[in-house]
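Architecture and fold: a report
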Amino acid sequence: MSTIDQQDEKKIAETSDDQIKIPDVLPVLPLRDIVIFPFMIVPLFVSRERSIRAVDQALAENRMIMLVAQKDIAKEEPNAGDVYSVGTAAIIMRMLKLPDGRIRILVQGLSRARITQIEDTAGFLQARIEALQEPEAEAGLEMEALIRNVRGSLEKSVALGKNISPEVMAIAANLDDAGRLADLAASNLELKVEDAQSVLESLEVTPRLRRVNDLLAKEIEVLTVQADINTQAKSEIDRSQREFYLRQQLKAIQSELGEGNELAEDISAYREKIAKAKMPKPVEEEVDRQLKKLERMHPDAAETATLRNWLDIMVALPWAKHSKENLDLKKAEKILNEDHYGLEKVKERIIEALAVRKIKEKPKGSILCLVGPPGVGKTSLGRSIAKAVNRKFVRLSLGGVHDEAEIRGHRRTYVGAMPGRIIQSIQQAGTNNPLIMLDEIDKVSSDFRGDPSSALLEVLDPEQNFSFRDNYLGSPFDLSNVMFMTTANMLETIQPALRDRMEIIRLSGYTEEEKLQIARRHLLPKQMEENGISEKYLDISDTALREAIVRYTHEAGLRQLEREVGKICRKVARRVAEGNTKKVKLTVKNLSEFLGVAKIEPDEALKHDQVGVVTGLAVTAAGGDVLFIEAIAMKGKGGLQLTGQLGDVMKESAHAAYSYARARAKELGIDEEKFTSTDIHLHIPEGATPKDGPSAGISMATALVSVLSNRPVRKTVAMTGELTLRGNVLPIGGVKEKVLAAHRAKVQKVILPIQNKKDMEDVPKDVQKELEFVFAEDVREVFKEALMPPIERAVPLQEESATHSSSKAASDASGS
């Protein structure tokens, strides 16, 4: 809406619709984005052909035209349904044709009118209309208050910056007609078409004035917020201008003093670092582009600091710097043997990788994953491997990591963004071919922030990691030169796709002899050095060390043993510090003086052959362990009760064993009536410890058959294997750990599934020599080796004080 002159405003106040008779049929001019009110004088530009014809028709007849707003301003050729039914009958006061074919008209609204019928006759819209008469406004307190509010709101909006001419304000101040005041205010508020149309369609004066008052109040709120924003922006501009002025002065002062521009010096330094970094060409082009962007930026802008941080990391990364590898296989093997005792498979695999690298310049190596219980030396082995191949070693702990950005980095747009841990490790190493140890990869978790395991898929895939793209860098970095190793305590929690990318190498627990050698070669010298004592103050015998291993530790690894050795060294160091420099000779007899009462009672085989008590074998987090399975019979109705906190798989194995015994009762020498008159209670001690898995199947079957047939079980036999309903013995895992547990428990014979015979190559030779092994294909072979002939009478319940490791106290019971 354009500004109207003073004469036009006077006409607004003086014109009355009674002076002109409005005909029943008028040409229709659809309006886009504007609503015309009665008594308003407004200039309009008309460009559409149909609208121009409607104006020509009006000028040819009585200069009157019906002005209605379009519902959709995008509609180019509106029809009857595209315009509102209520509009304003107006008179064309002036018309001017423009050179571009458009016409400019000046119209004055006369009266509200409703379209009753509309048609497209001669190329323009023509409507039959009905002039709407406004009812008289009822004078009263509410009306007076509304008029005053509207006038006051108009004045307040002008004070807040609303562009309303003084002439309009003067008319509003002197206008007594409430309806005209509402129309005048609405026409100067720049309302949306829907809001303006609602005011136009309101014939009752009081609701119309109330509606206009609400719209004015909303407009004042918007103007107030706008004024606040403008004030804030102005203060920011004033501050920026002041800073700019001061900086110009500072530059002039620095120029006079002969000091240079810090930003220019930094940019020059960046260019030198970029040249030295020897980046790949695409990366160098991106860094140059960002550097040019930095030159154009204000030194103290927030983005300048972000860009500087990014450039610092880009020039600091070792794009072309690498350490020279040691490809001398004998030297590498010597270093590995010096640092670690045993672990032959792992050492052999590392030497093989070095051999391939020696022959082929850039092979695609596999990712090694060392899996084993805590304390067996997985992480320290990675450090030794890095030393053997002469690579920088970086350990990256993934335990508890649950954000994908920890691996891929954050985007630079975030406050405090930084690269991911992989790029940080590369930067920390200072070379592009370090050995990165991803520790505890089985303890990575995921949540709403993403899955780090999925992000590691690209990192650990030799086919993809040559162009690893960190979110912070925004440019690819070649990880194919990096030697990755991972460690885990268990494989089950590692994502299958990630597990598929790694070569699994299992580290079993150490034997007693291996622990003795490691303690003698590594742990004892290390602890003596850390505690400041030498060989002239302490001498530990092999028997004392062996006693410390058996009676004071119960673990697959060596951490607890190292703590116990450290405890001895500290007590000796205290004696030396107190002036007692006499050499301490540690033996089995005086070991308790330094370590206290023995914490662990070693696993031992049963002392007697008993009915219903079998020595089983299991694998725990601490390595292998013996498991005593007890069964007892009592009068009942043929039920089977299972206790000892058994898992579902173990319970199913027990029921399968019971069903097998019942199906083969005659063959096994069992009275069939016992299955209906006797209840069996099968228990596995250490009830607080959850137990599960199918490998105790033949052990539970032996215990059940023993108690039902009254045949004692040989105390010198330990067994493990899964049982099927047909009596087949299926293979199990953890053979080495279980055999070592049997060896510690001093059993003489171990029964294993025949398919596990191939796993015996992992068992130490000295252990194989001391044990007798039976490889069973059918459970009847197990019964033959483990069960003795039946005894004539029932043996009363006996208490067997068999000492077990980790405070075991298993009650060995027998019954008929």
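What comes next concerns the included structure. (Residues numbered from 1 in each chain as written. Predicted model: local features only at pLDDT ≥ 70, side-chain atom pairs only at ≥ 80, totals over all residues. Heavy atoms only, no water.)

1. Considering the packing of helix α3 (residues 141–159) against helix α5 (residues 178–187)
Here α3 crosses α5 at 25 degrees, and the two axes come no closer than 11 Å. When the interaxial angle is binned, α3 and α5 end up roughly parallel. Judged by the twist between their axes, the crossing of α3 over α5 is left-handed. Within the contact between the two elements, α3 uses M143, I147, V150, R151 and L154 and α5 uses A178, L181 and A185. Grouping the amino acids of the contact of α3 with α5 by side-chain chemistry returns 7 nonpolar, no polar and 1 charged. (Axes fitted to C-alpha atoms, helices over the stretch in contact; angles between N-to-C directions. Helix = DSSP H or I, 4+ residues; strand = E, 2+ residues; numbered from the N terminus. Parallel < 35°, antiparallel > 145°, perpendicular 65-115°, else oblique. Left-handed = near helix turned anticlockwise from the far one by under 90°. Contact = heavy atoms within 4.5 Å. Nonpolar A, V, L, I, M, F, W, Y, C, P; charged D, E, K, R; others polar.)

2. Brief notes about the sheet that holds strand β8 (residues 393–397)
Read across the open sheet, the 5 strands follow the order β8-β9-β12-β7-β13; overall the sheet is parallel. Each edge of the open sheet carries a strand with a single partner, namely β8 and β13 (502–506). The average undirected angle you get between the axes of adjacent strands in this sheet is 25 degrees. (Pairing = 2+ DSSP bridges.)

3. What about the side chain of S384?
Inspection of the secondary structure assignment puts S384 in helix α13 (residues 378–388). For S384, a relative accessible area of 4% corresponds to the buried category. Of note is the side chain of S384, whose polar atom sits 3.1 Å from the side chain of D339. If near-sequence neighbours (up to four positions away) are discounted, S384 is found in contact with I335, L336, D339 and H340. (Buried < 20%, exposed > 50% of the residue type's maximum accessible area, 1.4 Å probe, protein only. Polar contact = N/O pair within 3.5 Å; in protein donor to acceptor, adjacent residues only side chain to side chain.)

4. Brief notes about the packing of aromatic side chains
Here the structure, examined in full by the defined rule, presents 3 aromatic pairs. When the ring of W319 is compared with that of F477, the centres are 4.9 Å apart and the planes differ by 50 degrees; the resulting orientation is tilted. Taken as a pair, W319 in the loop between α10 (302–316) and α11 (329–339) and F477 in strand β11 (residues 476–477) lie far apart in primary sequence, 158 residues in all. Grouping residues by exposure puts W319 and F477 together as buried. Measuring from ring centre to ring centre gives 5.7 Å for Y658 and F675, while their planes differ by 70 degrees; the resulting arrangement is edge-to-face. Placement of Y658 in helix α22 (residues 648–663) and of F675 in helix α23 (residues 674–677) is noted, with a sequence separation of 17 residues between them. By relative accessible area, Y658 is classed as buried at 8%. (Phe/Tyr/Trp six-rings, centres within 6.5 Å; stacked < 30°, edge-to-face > 60°.)

5. Description of the packing of α11 against helix α12 (residues 344–359)
Contact pair α11 / α12: the axes reach a minimum separation of 10 Å and the direction vectors enclose 155 degrees. In terms of orientation, α11 lies roughly antiparallel with respect to α12. The two elements α11 and α12 meet at a crossing, and its hand is right-handed. In this structure, α11 contributes L329, A332, E333, L336 and N337 to the contact, and α12 contributes K347, I350, I351, L354 and A355. Taken together, the residues that form the contact of α11 with α12 break down as 7 nonpolar, 1 polar and 2 charged.

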